[in-house]
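Close look at the chain arrangement
This is what each chain is made of:
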Amino acid sequence: MEKSEVPLGLAYKLLNPGSVTMISVGSSERDNIFSVTWNMPARKDPPKAAILSGKRHFSYPFIAESGEFGINIPDASLADAVLGCGTVSGSEVKDKFARFGLSRKEARRIGAPLVDEAVANLECRVCQVVDLGASSLLIADIVFAHASKRYFTDGMWNFDSGLKLLHHLSGSSFCTS
């Protein structure tokens, strides 16, 4: 998918609709991907994003060790992969990218791979961890972002182009915007 660089001052707009995201972690040695519904832009300038992650999740140590993760924003065509990556643990499947038909894309500024099929990708470095008991709120600097030229134009999502972002309702129920 051809993408263009998004100015970091506009990167928060990629998260604004509150859509489901796929978080990629790891390195060339071992990586993983998991779905996150609790995500948000945290600051416009400097650009920051936040995600909620359970500390017992397979991917949490990857983030704790590297301090990095990718936020990958899927459209409705990736609904099955989103559900699969959110319900199957990386401890059970060595390569969730392959299992769910996703392609790795090399990131520019972080070690974790990105999801090439996602309509947008944000490369993030953790700058603050808020301990919430069983989970942590991970606040991160957005260090690079790019999005589909078709779906993100003039600094905004272009829903007139046919874009349908996923929103998690509960269990395996989703809706689109």
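On a predicted model such as this, the values are computed, not experimentally measured, just so you know. (Residues numbered from 1 in each chain as written. Predicted model: local features only at pLDDT ≥ 70, side-chain atom pairs only at ≥ 80, totals over all residues. Heavy atoms only, no water.)

**Examining the pattern of salt bridges**
- Taken as a whole and assessed by the stated rule, the structure comprises six salt bridges.
- In this structure, aspartate 141 engages lysine 48 in a salt bridge whose closest nitrogen and oxygen atoms are separated by 2.4 Å. One end of the pair, aspartate 141, is in strand E10 (residues 135-148); the other, lysine 48, is in strand E5 (residues 48-54), with 93 residues separating them in the sequence.
- The exposure class of aspartate 141 is partly exposed, given its relative accessible area of 25%.
- Among the salt bridges present, the one from lysine 55 reaches aspartate 131, with a minimum N-O distance of 2.6 Å. Placement of the pair is lysine 55 in the loop between E5 and helix H1 (60-66) and aspartate 131 in strand E9 (residues 120-131), with a sequence separation of 76 residues.
- Overall, the relative accessible area of 30% leaves lysine 55 in the partly exposed class. (Salt bridge = Lys/Arg side-chain N within 4 Å of Asp/Glu carboxyl O. Helix = DSSP H or I, 4+ residues; strand = E, 2+ residues; numbered from the N terminus. Buried < 20%, exposed > 50% of the residue type's maximum accessible area, 1.4 Å probe, protein only.)

**Concerning the nonpolar core**
- One finds Leu14, Ile23, Phe69, Ile71, Ile73, Leu122 and Trp157 to be the most contacted residues of the largest nonpolar core, which totals 30 residues.
- Mapped onto this core, the elements with two or more residues apiece are strand E2 (21-26), strand E3 (31-36), E5, H1, strand E6 (68-73), E9 and E10.
- Among the elements that make up this core, the one with the highest residue count is E10 (five residues).
- The next biggest cluster of nonpolar side chains, apart from the first, holds 12 residues, and it includes Met22, Phe97, Leu102 and Ala118. (Core = buried A, V, L, I, M, F, W, Y, C linked by side-chain atoms within 4.5 Å.)

**With respect to helix H2 (residues 79-87)**
- Listed as buried for H2 are Ala81, Val82, Gly84 and Cys85. The buried residues of H2 occupy an angular sector of 170° when the element is viewed end-on, so they sit on one face. In H2, the exposed residues that point more than 90 degrees away from the buried face are Asp80 and Thr87.
- In the core, the buried residues of H2 are packed alongside E2, E3, helix H3 (96-99), strand E13 (166-170) and strand E14 (173-176). (Arc of directions from axis to C-beta. Contact = heavy atoms within 4.5 Å.)

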